[in-house]
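Structural features, examined
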Amino acid sequence: MFVSDIRKEFYDVVVNQRVALLVSSDIDALCACKILQALFHCDHVQYTLVPVRGWQDLETAFLEHKEQFRYFVLINCGANADLLETLQPEEETVFFICDTHRPVDVINVYNDTQIKLLIRQDDDLGIPAYDDIFRDEDEDEQDSGNESDEGSEPSGKRRRFEEGALERRIERQRERREWEARRREILFDYEQYEYHGTSSAMVMFELAWVMSKDTKDMLWWSVVGLTDQWVHDRIPHMKYVTDVATLQRHVSRHNHRNEDEENSLSIDCMRISFEYDLRLALYQHWSLYESICNSCYTSSSFKLWSIHGQKKLQEFLADMGLPLKQVRQKFNSMDVSIKENLREVIEESSNKYGMKDIRIQTFGVHFGFKNKFLAGDVVHAASALLENVERDEKGTDNFIKALDCLSRSNIEQLHQGIDLGKKKLMAVQQTVASCICTNLIISQGPFLYCYLMEGTPDVKLFSKPLSLTLLSKYLLKAFVRSTRNKRCKLLPLIMAAPLDTEKGTVIVVGIPPDSESSDKKNFFGRAFEKAAESTGSRTLHDHFDTSVIELKTEDRSKFLDALITLLS
């Protein structure tokens, strides 16, 4: 059931209770969690935080905590499957679900007692009407019961009655079959595509705002949550622009309210600003040259994996009139005179080189005097910490570090994340270049396919879902720029990478065709399920994104064959 008044139906209900907070492993979920934690601290709400990476984690966490808690808050997990069927809870257990995954399972939508959806209904949800998918079983039982009550009537009359009853029963069965066929069709149309709705961090920020408890930190976390959806390409461009406008109004309100505090320029002050900035990842913490080489937008525009692309980049730098010495040194060390109008200079030259969208609407934050971060920087840093493979740490350690780097009291952790983020972006670009130069992307008919071999540099990094998805999106963009085959430009991509060599498993991700105007709807979740079913492939559909699965290595070829047949 959708919650219409989030304060009354959610917050006022849990404020005097003990709550279990189950949070998915993505940056938007972490930001929503930070906002809710801050609200809980304000009102001394007792809660237990449990990170969950997939459905198995969710089931385990629920089993461990169901005795102690009646209220469970699920962030970015639980909406797109029948939760009561999955978890089998007691009748008094209540789940509050704040989740960006769409479509929302219809059983969750129409459960009035145990499922409370903290989901914006102005998102275009397209939920089928109740009568189209649920039917009252009592009618059929009543009709069949009436037919046996006429035993004492004269035989002729009784025969006519039985004939009429039989006709009615046949008619009802025909109607039922038609209704069931229509129901299957309606549900198929509703469930066939996976996509994402409004950022959970924004939903939680709206709760804080409604209660007049919103702070600048909370506003910054909601900015980072939305930016995560943009960085990982989860929402259409128009949705991003609309949500940016919503947050921009809140930023103006907070800056206006806190002008006195800013004038005092205290060392702890925090200022959020709306900016038109460059689509260059981490450039303020790197050298401009390395950022251009390792940002998806510029790297694929120049085709930097080719000698011609490298030459084009040199021409671009010459066109901007920036000395190579300046471009290759740390951004912080560049001449102030160059930095002052750097954005304008880059934008002007970018237009000549066909990069008309080099500017993006975003937000920046100043902590005190010297720490400035763009929202995209924080997303890259937190993602790299969340999926860090350098140390053999448990997933929960990475989760806590990623959560910590979002606090302004933990700038050190954020800088560590930025260093890891640079390494990750370099690994992504090197892998993209090697896949294109060695022709690893194969057209399989209805889709493109790429498999990272065991032993590929950084292959361990790409056993993680966020990293593999980011690589797939960058690779598809680069491939579309480099191929001459017009048909290939319109195809989606399936990418696989080794997951666990001992168990003999691979991680597989499917992404929709690359297009700026696309609605980001992904049909691979349903296709993966059907292909596994029809071939008996040993798959694990554990991820909250249905387009990410685990597969036994030896089942790979029959699974792919089934997908080709299914999607042709």
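Further up the page is the structure itself.
The sections below set out a description of the structure shown in this document. (Residues numbered from 1 in each chain as written. Predicted model: local features only at pLDDT ≥ 70, side-chain atom pairs only at ≥ 80, totals over all residues. Heavy atoms only, no water.)

Now for the packing of aromatic side chains. In this structure the tally under the stated criterion is 24 aromatic pairs. Plain terms: the ring middles of Phe 316 and Tyr 353 are 5.5 Å apart, the flat faces sit at 85° to each other, and that makes the pair edge-to-face. Within this pair, whereas Phe 316 is found in helix H15 (residues 307–320), its partner Tyr 353 is found in the loop between helix H18 (342–352) and strand E9 (359–367), the two being separated by 37 residues in sequence. Judged by its relative accessible area of 1%, Phe 316 is buried. Each member of the aromatic cluster is reached from another via a ring pair, and the members are Phe 10, Tyr 11, Phe 40, Tyr 47, Tyr 71 and Phe 96. Stacked on the ring of Trp 179, the Lys or Arg Arg 135 has its end atom at 5.5 Å from the ring centre. Sitting over the face of the ring of Tyr 195, Lys 521 holds its NZ or CZ atom 4.7 Å from the ring centroid. (Phe/Tyr/Trp six-rings, centres within 6.5 Å; stacked < 30°, edge-to-face > 60°. Helix = DSSP H or I, 4+ residues; strand = E, 2+ residues; numbered from the N terminus. Buried < 20%, exposed > 50% of the residue type's maximum accessible area, 1.4 Å probe, protein only. Lys NZ or Arg CZ within 6 Å of the ring centre and 35° of its normal.)

For the rest of this paragraph, the subject is the sheet that holds strand E4 (residues 94–98). Spatial strand order, E2-E1-E3-E4-E6: five strands in an open sheet with parallel pairing. Lying at the two open borders of the sheet, with one neighbouring strand each, are strand E2 (46–52) and strand E6 (115–117). Neighbour to neighbour, the strand axes of the sheet diverge by 20° on average, direction disregarded. (Pairing = 2+ DSSP bridges. Axes fitted to C-alpha atoms, helices over the stretch in contact; angles between N-to-C directions.)

Here the focus is H15. For H15, spanning 14 residues, the distance from its first C-alpha to its last is 20 Å, which sits close to the expected 20 Å at 1.5 Å a residue. All of the buried residues along H15 are Gly 309, Leu 313, Phe 316, Leu 317 and Met 320. An end-on view of H15 places all buried positions within 95° of arc, on one side of the element. Away from the buried face of H15 by more than 90 degrees, exposed residues Ile 307, His 308, Lys 311 and Ala 318 are located. Buried residues along H15 sit in contact with helix H13 (288–294), helix H14 (296–302), helix H16 (324–328) and H18. Phi turns positive, to about 70°, at Gly 321, one or two residues after H15. (Expected span 1.5 Å × (residues − 1). Arc of directions from axis to C-beta. Contact = heavy atoms within 4.5 Å.)

A separate point is a negative patch on the surface. There is a patch of like negative charges on the surface, built from Glu 67, Glu 90, Glu 91 and Glu 92. Residue position: Glu 90 is located in the loop between helix H4 (83–87) and E4. (Patch = residues over 30% accessible without salt bridge, like charges linked within 9 Å, V, L, I, M, F, W, Y side chains within 5 Å. Areas by Shrake-Rupley, 256 points an atom, 1.4 Å probe, with all protein chains shown as cover. Salt bridge = Lys/Arg side-chain N within 4 Å of Asp/Glu carboxyl O. Lys, Arg positive; Asp, Glu negative; His and termini not counted. Charge placed at Lys NZ, Arg CZ, Asp CG, Glu CD.)

So, about the pattern of salt bridges. Scanning all chains against the criterion turns up 24 salt bridges. For Lys 520, the salt bridge goes to Asp 233, with nearest N and O atoms at 3.1 Å. Residue Lys 520 is found in the loop between strand E14 (505–511) and helix H23 (524–535), and its partner Asp 233 is found in the loop between helix H10 (216–231) and helix H11 (237–257); the two are separated by 287 residues along the sequence. The same class applies to Lys 520 as to Asp 233, namely buried. The partner of Arg 343 in a salt bridge is Glu 275, and the shortest N-O contact between them spans 3.5 Å. With Arg 343 in helix H18 and Glu 275 in strand E8 (residues 270–278), the pair connects residues that are 68 residues apart, well separated along the chain.

Contact geometry of helix H2 (residues 27–42) with H10 gives a least axis separation of 8 Å together with a crossing angle of 165°. As summarised for this structure, H2 and H10 are arranged roughly antiparallel, according to the angle between their axes. Taken as a pair, H2 and H10 cross one another with a handedness that is left-handed. Contact with H2, carried on its side by Ile 27, Asp 28, Cys 31, Lys 34, Ile 35, Ala 38 and Leu 39, involves Met 218, Trp 221, Ser 222, Val 224, Gly 225 and Asp 228 of H10 and no other residues of that element. Looking at the contact of H2 with H10 residue by residue, the classes come out as eight nonpolar, two polar and three charged. (Parallel < 35°, antiparallel > 145°, perpendicular 65-115°, else oblique. Left-handed = near helix turned anticlockwise from the far one by under 90°. Nonpolar A, V, L, I, M, F, W, Y, C, P; charged D, E, K, R; others polar.)

To continue, consider the sheet that holds E9. Spatial strand order, E8-E9-E10: three strands in an open sheet with antiparallel pairing. Two strands close off the open sheet at either side, each with one partner strand: E8 and strand E10 (371–374). Strand-to-strand twist in this sheet, taken as the mean axis angle between neighbours without regard to direction, amounts to 25°. Relative to E10, E9 is paired through four bridges, and the arrangement is antiparallel. Considered in E10, the bridge of Phe 367 is made with Asn 371. The strands touched by helix H21 (residues 411–437) within the sheet are E9 and E10, with E10 carrying the most contacts at an inclination of about 50°.

What follows is about the pairing of strand E12 (residues 448–451). Burial along E12 is two-sided: Leu 448 and Cys 450 and Tyr 449 and Tyr 451, pointing in opposite directions, are all buried. Direction of pairing for strand E11 (residues 442–443) relative to E12: antiparallel, over a ladder of two bridges. Across the sheet, residue Ile 442 finds its bridge partner in E12, namely Tyr 449. Hairpin connection from E11 to E12: four residues lie between these consecutive antiparallel strands, with Gly 445 at a positive phi of about 105°. Where E12 meets strand E13 (residues 493–500), four bridges bridge the pair, whose relative direction is parallel.

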